[in-house]
Amino acid sequence: MSVRPVLLIDGLNVFTRHFVVNPTMSEQGNHVGGFVGFLKSLRLLCEKTDPSQVIVAWEGGGSARRRAIYPEYKHGRRPQKLNRFYSDIPDTYHNRDNQVSLIIEALRHVPVMQLYVSDCEADDVIGYLTKNVLRDQKCVIVSSDKDLYQLLSDNVIQWSPGQKLFITSKHVKEKFGVHHSNFCTARCFTGDSSDGIPGVPRAGFKSLAKRIEILQNKEDVSVEEVVSYAAAQLETKKLLLYSNIVEHEALAKRNWKIMYLDTSNLAAEQIEKINYAVNTFEPQRNKIELMRMMLREGIQNFDVDSFFMTIKTLGQNS
């Protein structure tokens, strides 16, 4: 990118990936792979994208509004466990939470903004930032979460840590067959098993792209337009997919309320908190304190000097 972007990191998503696969241990015998992996990933991302700013959005306990709409939303979802190949590494919630706390502490010593909003998901924070606060800026979202694909645009791309690939609006069209602005609409019909959101029977991305052509060729297609299109096609083509779409209109509309990232799932005080945090953020640069923290935790395999060299231009326009 010629213009330096803002790096928007889905904090828990990126941490969990490293927590699961990185076996690094501290001198005290504690698993610190999630912590070390997160900071190393941050350094590499800064080298790759040369951002003007980094914002880490943390989960705030989940969305009360979504649970009110659909009580089964993310019901029973548990954090991923460690790669069991490393059977000698302790696998506890305490260790996991402690590593997240260490990341939060470490990032307070560097020019990285952290956002935590109670009863608010990181997706909603990132969505609000890209559509409102940063709408005229280049952004790189860092997450493996496909829910964020709906935010892609000429200004917004996504780095997938799992695929090690920049996801663009073109990528979405090529892989899923629908215009990127219709990704969320299509998902309202396909559902999302990872979040426990059921979809319309027989509705997959391939079948939707093939049978609901407006999802390919028209921008910002609504759930209602898809249902109307299916109903019109039923007059001449008795396909089960079309009848299922018409029959499950209410389900798709409910899914839209859950899946679409905009201010509808944010309370006024949550928006106010995000705006206040952005407007009052004062970047810190305290290499000595970060080094002391590493010594305290017995972490020797992280180069603090190199890390600070990489992030030295954060917060600077040029």
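Residues numbered from 1 in each chain as written. Predicted model: local features only at pLDDT ≥ 70, side-chain atom pairs only at ≥ 80, totals over all residues. Heavy atoms only, no water.

Engineer: Any chance you could explain the sheet that holds strand β1 (residues 6-10) here in plain terms?
Structural biologist: The strands that make up a sheet are held in pairs by hydrogen bonds between backbone atoms, and each pair lies either parallel or antiparallel. Read across the open sheet, the 6 strands follow the order β3-β2-β1-β4-β5-β6; overall the sheet is mixed. In this open sheet, the two strands that pair with only one neighbour each are β3 (113-116) and β6 (165-167). Across the sheet, the axes of successive neighbouring strands diverge by a mean angle of 25 degrees, strand direction being ignored. Here strand β2 (residues 53-58) pairs with β3 via 4 bridges, running parallel. Note that in β3 the partner of Ala 57 across the bridge is Leu 115. (Pairing = 2+ DSSP bridges. Helix = DSSP H or I, 4+ residues; strand = E, 2+ residues; numbered from the N terminus. Axes fitted to C-alpha atoms, helices over the stretch in contact; angles between N-to-C directions.)

Engineer: For this particular structure, what's the right way to read helix α6 (residues 169-176)?
Structural biologist: Think of an α-helix as turning once every 3.6 residues; residues three or four places apart then point the same way. Considered for burial, the residues of α6 that qualify are Ser 169, His 171, Val 172 and Phe 176. The arc that holds the buried residues of α6, viewed along the axis, is 155 degrees, so those residues lie on one side. Counted as exposed and oriented over 90 degrees from the buried face of α6: Lys 170 and Glu 174. Looking at the residues trailing α6, positive phi occurs at Gly 177, about 80 degrees. (Buried < 20%, exposed > 50% of the residue type's maximum accessible area, 1.4 Å probe, protein only. Arc of directions from axis to C-beta.)

Engineer: Honestly, unusual backbone geometry in this entry has me stumped. Any pointers?
Structural biologist: Negative phi values dominate among residues other than glycine, just as trans dominates among peptide bonds. Positive phi values are uncommon outside glycine, yet Asp 50 reaches one of about 45 degrees. Within the secondary structure, Asp 50 is located in the loop between α2 (33-49) and β2. Its identity as a non-glycine residue notwithstanding, Arg 202 has a phi of 75 degrees, on the positive side. Relative to the elements of secondary structure, Arg 202 occurs in the loop between α7 (183-190) and α8 (205-211). On the basis of relative accessible area, Arg 202 is assigned to the exposed category, the value being 63%.

Engineer: Help me out: how do you make sense of the packing of aromatic side chains in this one?
Structural biologist: A ring pair, where both rings are aromatic, is described by two values, the distance of the centres and the angle of the planes. One pass over the full model with this rule turns up 11 aromatic pairs. Summarising the aromatic geometry, the rings of Tyr 149 and Phe 183 are spaced 5.4 Å apart at their centres and angled 50 degrees between planes, so their arrangement reads as tilted. Linking Tyr 149 in the loop between β4 (139-142) and β5 (156-160) with Phe 183 in helix α7, this pair joins segments that are 34 residues apart in sequence. Given the relative accessible area of 1%, Phe 183 is considered buried. (Phe/Tyr/Trp six-rings, centres within 6.5 Å; stacked < 30°, edge-to-face > 60°.)

Engineer: Explanation requested: the pattern of salt bridges in the structure shown.
Structural biologist: A pair can form between side chains of opposite charge whenever their charged atoms are brought close. Considering all chains together, one arrives at 12 salt bridges under this definition. Three or more residues are tied together by salt bridges with common partners; here these are Arg 66, Glu 121 and Asp 124. (Salt bridge = Lys/Arg side-chain N within 4 Å of Asp/Glu carboxyl O.)

Engineer: What's the story with the side chain of Thr 49 in this structure? I'm lost.
Structural biologist: The residue Thr 49 is located in helix α2 in this model. Within polar-contact distance, the side chain of Thr 49 engages the backbone oxygen of Leu 45 at 2.8 Å. With residues near it in sequence (within four places) discarded, Thr 49 still touches Pro 5, Leu 7, Val 140 and Phe 166. (Polar contact = N/O pair within 3.5 Å; in protein donor to acceptor, adjacent residues only side chain to side chain. Contact = heavy atoms within 4.5 Å.)

Engineer: In this structure, what is going on with the packing of helix α4 (residues 93-107) against helix α14 (residues 287-297)? I would like to understand it.
Structural biologist: Packed helix pairs are specified by the crossing angle of their axes together with the interaxial distance, meaning the distance between the axes. The interhelical angle for the contact between α4 and α14, taken along N-to-C directions, is 155 degrees, at an axis separation of 10 Å. If you check the angle between α4 and α14, you find them roughly antiparallel. Here α4 runs over α14; the crossing is right-handed. Residues Leu 102, Glu 105 and Ala 106 of α4 form the contact with α14, whose own contacting residues are Leu 290, Met 293, Arg 296 and Glu 297. Residue classes in the contact of α4 with α14 are distributed as 4 nonpolar, no polar and 3 charged. (Parallel < 35°, antiparallel > 145°, perpendicular 65-115°, else oblique. Left-handed = near helix turned anticlockwise from the far one by under 90°. Nonpolar A, V, L, I, M, F, W, Y, C, P; charged D, E, K, R; others polar.)

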